[in-house]
Amino acid sequence: MADKPSRALVLYGEGSARFVKPSETHLHAFAHRGICGLLSLTQLPPSENEDACVIWELAELLDAKEVLENCADKPLDQSNVSHTFPSVEERFMGMKAVVVTDNSAVKSLAAMLGFKVFDWNEISDSNNSSPLASGLLKLLGFEQGKLLDTNAFEFVLAHNGPANDLGNIKHMDHLVGELSSIADSEFEIEYRLHLSVVLSYGPTLENDHLNFSLLDAQAKNKDELSSLLPCQSFMMKAGKLRENVRQYCPMLVAQYQKAVTRLDTVETFSFRDFIEKSGNLIIPADRFIHEVAFKLWKAPKYGA
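Throughout this description, residue numbers start from 1 for each chain and increase along the sequence as written. Note on the predicted model: pLDDT of at least 70 is required for a residue's local features to be given, and 80 or more for side-chain atom pairs to be given and counted; whole-chain, interface and lining totals, by contrast, use all residues. Processing note: side-chain calculations cover all non-hydrogen atoms of the structure and skip hydrogens and water entirely.

A. Layout of the sheet that holds strand β1 (residues 7-13). Taken in spatial order, the eight strands make up an open sheet running β4-β3-β7-β1-β8-β11-β2-β12, and their pairing is mixed. Each edge of the open sheet is held by one strand with a lone partner, namely β4 (116-118) and β12 (282-284). Taken over all neighbouring pairs, the strand axes of this sheet differ in orientation by 25 degrees on average, direction set aside. Examined bridge by bridge, β1 and strand β8 (residues 193-199) share seven bridges and lie parallel to one another. We treat two strands as partners when DSSP finds at least two bridges between them. A run of H or I in DSSP becomes a helix once it reaches four residues, and a run of E becomes a strand once it reaches two; helices and strands are each numbered from the N terminus. Helix axes are fitted to C-alpha atoms over the stretch in contact, other axes to C-alpha atoms as well, and angles between N-to-C directions run from 0 to 180 degrees.

Structural data, given as C-alpha cells:
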C-alpha cells in the first residue's frame, strides 16, 4: 500500500486478447514487470446479440451489470437508470472518474453511471511527441512530471475498441510503451500512477471453450481427491454460487505501480502464461473496479 493515494489509468482493449502476437513487445514487457490475473465473466444473456457483448462485458468490469438488467428492452440512456443505482462518485467516496472512447454505446453506458466522457481526439495533446499518452496522463493531473491536484480525475478508463483504429493491437502496444516510458522517466508519475491493461476476447468463437478454459487452472488437481476441493472464489458471492459464470475467455489483466504491485513469474501477455503463472489468479470481473478504487483510497480491500 502506498503512503499516498494513487491515480488510476485503465487501458481496456475490447476484443484484443486473441490478437496479441510475439511482436507486441511492450505488452509482454508490461506483463513481465507487473502482477497479472484473469477476470471471469458471466454468460451473455441469450436475448442479446454479439454487438451487445462490448457493453455487457464493460458493465461487468465496472460492476454495473444491474443497470443493463434494469434497462432491458429500453434505450441505453440516463433516463432509464434506476434512481436506486448510485453514480460512480456515490459508490466510491467521491471518486472523480472519466471514460475515453469513440464508441457511442460505451459513451451512453459511461454517462449513465456518472462518468465524465471524452472522445479520443478531445484528450490528445498535440504539443507532445506522445499525444495520446500525454493526454491521458493530463486527465489524471500529471503534467511536466508533477501531479497537480486541482480539478484532476482520479480514475481514467480508456476504451480501445475494434470500431476505431485504436482497437488495433499494435496501437495498444504502442500506447503501453509510451506510458511506461514516460512513467519510468518521471519520479512522481512512476510512484503515483497505477496502470492496468485489460484485454478481452469479445464475442466468443467456436473452439474458445477449449482454447481458453478456466478449468485448466485446476487441471493439476485432477486426482482422486479433486472432488473434495472447494469451489474457487470467483465462483462464489456472499457465500453462494454465482450463476451463469462463463468458464472460458476471461479478461486478461496486468497491473503495475512502482513499489506497490507485486511481481509474479508471467513472461508474456498470453492466456497460457496468465493461467499458469499469474499472481492474482482468477477473480470476478465485477470486483476489478473495487480493487483499483482501493489503491485510490476510495474503497475497502476486496479479498486477501
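B. Expanded view of the packing of helix α2 (residues 53-61) against helix α5 (residues 104-112). In the contact formed by α2 and α5, the axes pass within 10 Å of each other and the chain directions differ by 30 degrees. Regarding the angle of α2 to α5, the classification is roughly parallel. Judged by the sense of rotation from one axis to the other, the crossing of α2 with α5 is right-handed. Residues V54, I55, L58 and A59 of α2 form the contact with α5, whose own contacting residues are A105, V106 and L109. A class-by-class count of the residues in the contact of α2 with α5 yields seven nonpolar, no polar and no charged. Between 65 and 115 degrees an angle is taken as roughly perpendicular, under 35 as roughly parallel, over 145 as roughly antiparallel, and anywhere else as oblique. Each crossing is labelled by how the near helix is turned from the far one, with a counterclockwise turn of less than a right angle marking it left-handed and a clockwise turn marking it right-handed. The contact criterion used is simple: two residues touch if any of their non-hydrogen atoms lie within 4.5 Å. Gly is placed with the polar residues, together with every amino acid not listed as nonpolar (Ala, Val, Leu, Ile, Met, Phe, Trp, Tyr, Cys and Pro) or charged (Asp, Glu, Lys and Arg).

C. Spatial organisation of the nonpolar core. The definition of a nonpolar core used throughout is a set of buried Ala, Val, Leu, Ile, Met, Phe, Trp, Tyr and Cys residues joined through side-chain atoms within 4.5 Å. Relative accessibility under 20% of the residue-type maximum defines a buried residue, over 50% an exposed one, and the middle range a partly exposed one, all with a 1.4 Å probe and only protein chains included. With 50 residues, the main nonpolar core has L11 and L136 as its most contacted residues. Here the element with the most residues in this core is helix α8 (residues 169-185); it accounts for seven residues. Setting aside its immediate chain neighbours within four residues, L136 contacts L9, L11, V100, W120, I123, V156, A158 and L175. Within the second largest apolar cluster, 40 residues are counted, among which are V54, L58, V253 and A285.

D. Structural context of the side chain of D125. Residue placement: D125 occurs in the loop between α6 (120-123) and α7 (131-139). Taking the relative accessible area as the measure of exposure, D125 reaches 11% and is therefore buried. Pairs of N or O atoms are called polar contacts if they sit within 3.5 Å, as long as, within protein, a hydrogen donor faces a hydrogen acceptor (for residues adjacent in sequence, only side-chain-to-side-chain pairs). Within the local environment of D125, its side chain forms a polar contact with the side chain of S134, the two groups lying 2.9 Å apart. In this structure, D125 is in contact with P131, S134, G135 and K138, ignoring residues within four places of it in sequence.

E. Quick look at the pattern of salt bridges. Here, a salt bridge means any Lys or Arg side-chain nitrogen found within 4 Å of an Asp or Glu carboxyl oxygen. Taken as a whole and judged by the stated rule, the model has 12 salt bridges. Ionic pairing is found between R33 and D184, a salt bridge with its closest N-O pair at 3.1 Å. Taken together, the residues span a long stretch of sequence, with R33 in helix α1 (residues 25-33) and D184 in helix α8 at a distance of 151 residues. By relative accessible area, which is 26% here, R33 ends up partly exposed. According to the relative accessible area criterion, D184 is partly exposed, its value standing at 40%. Here E154 makes a salt bridge to K298, at a shortest N to O gap of 3.4 Å. Remark: K298 occurs in the segment after α12 (288-295) and E154 occurs in the loop between β6 (146-147) and β7 (155-160); sequence separation between them is 144 residues. Relative accessible area serves as the criterion here: at 16%, K298 is assigned to the buried category. Salt bridges sharing common partners tie together D63, R91, D286 and R287.

F. Highlighting the packing of aromatic side chains. The criterion for an aromatic pair is that two Phe, Tyr or Trp rings (for Trp, the six-membered ring) have centres within 6.5 Å, with stacked assigned to planes under 30 degrees apart, edge-to-face to planes over 60 apart and tilted to the rest. For the coordinates displayed, the defined rule picks out six aromatic pairs. Pairing F212 with F271 gives two aromatic rings, centres 5.5 Å apart and planes at 85 degrees, and the pair type is edge-to-face. Here F212 is found in the loop between α10 (208-211) and β9 (236-237), whereas its partner F271 is found in helix α11 (residues 271-277), with 59 residues between them in sequence. F271 matches F212 in its accessibility class, with the two residues each being buried. These aromatic residues form a ring-pair network of at least three members: Y201, F212 and F271. Should the NZ of a Lys or the CZ of an Arg lie within 6 Å of a ring centre and within 35 degrees of the ring normal, that charge is described as sitting over the ring. Across from the ring centre of Y256, 4.1 Å away, lies the NZ or CZ of R33, which sits over that ring. In this arrangement the basic side chain of R246 is found over the ring face of Y248, its NZ or CZ atom lying 5.6 Å from the centre.

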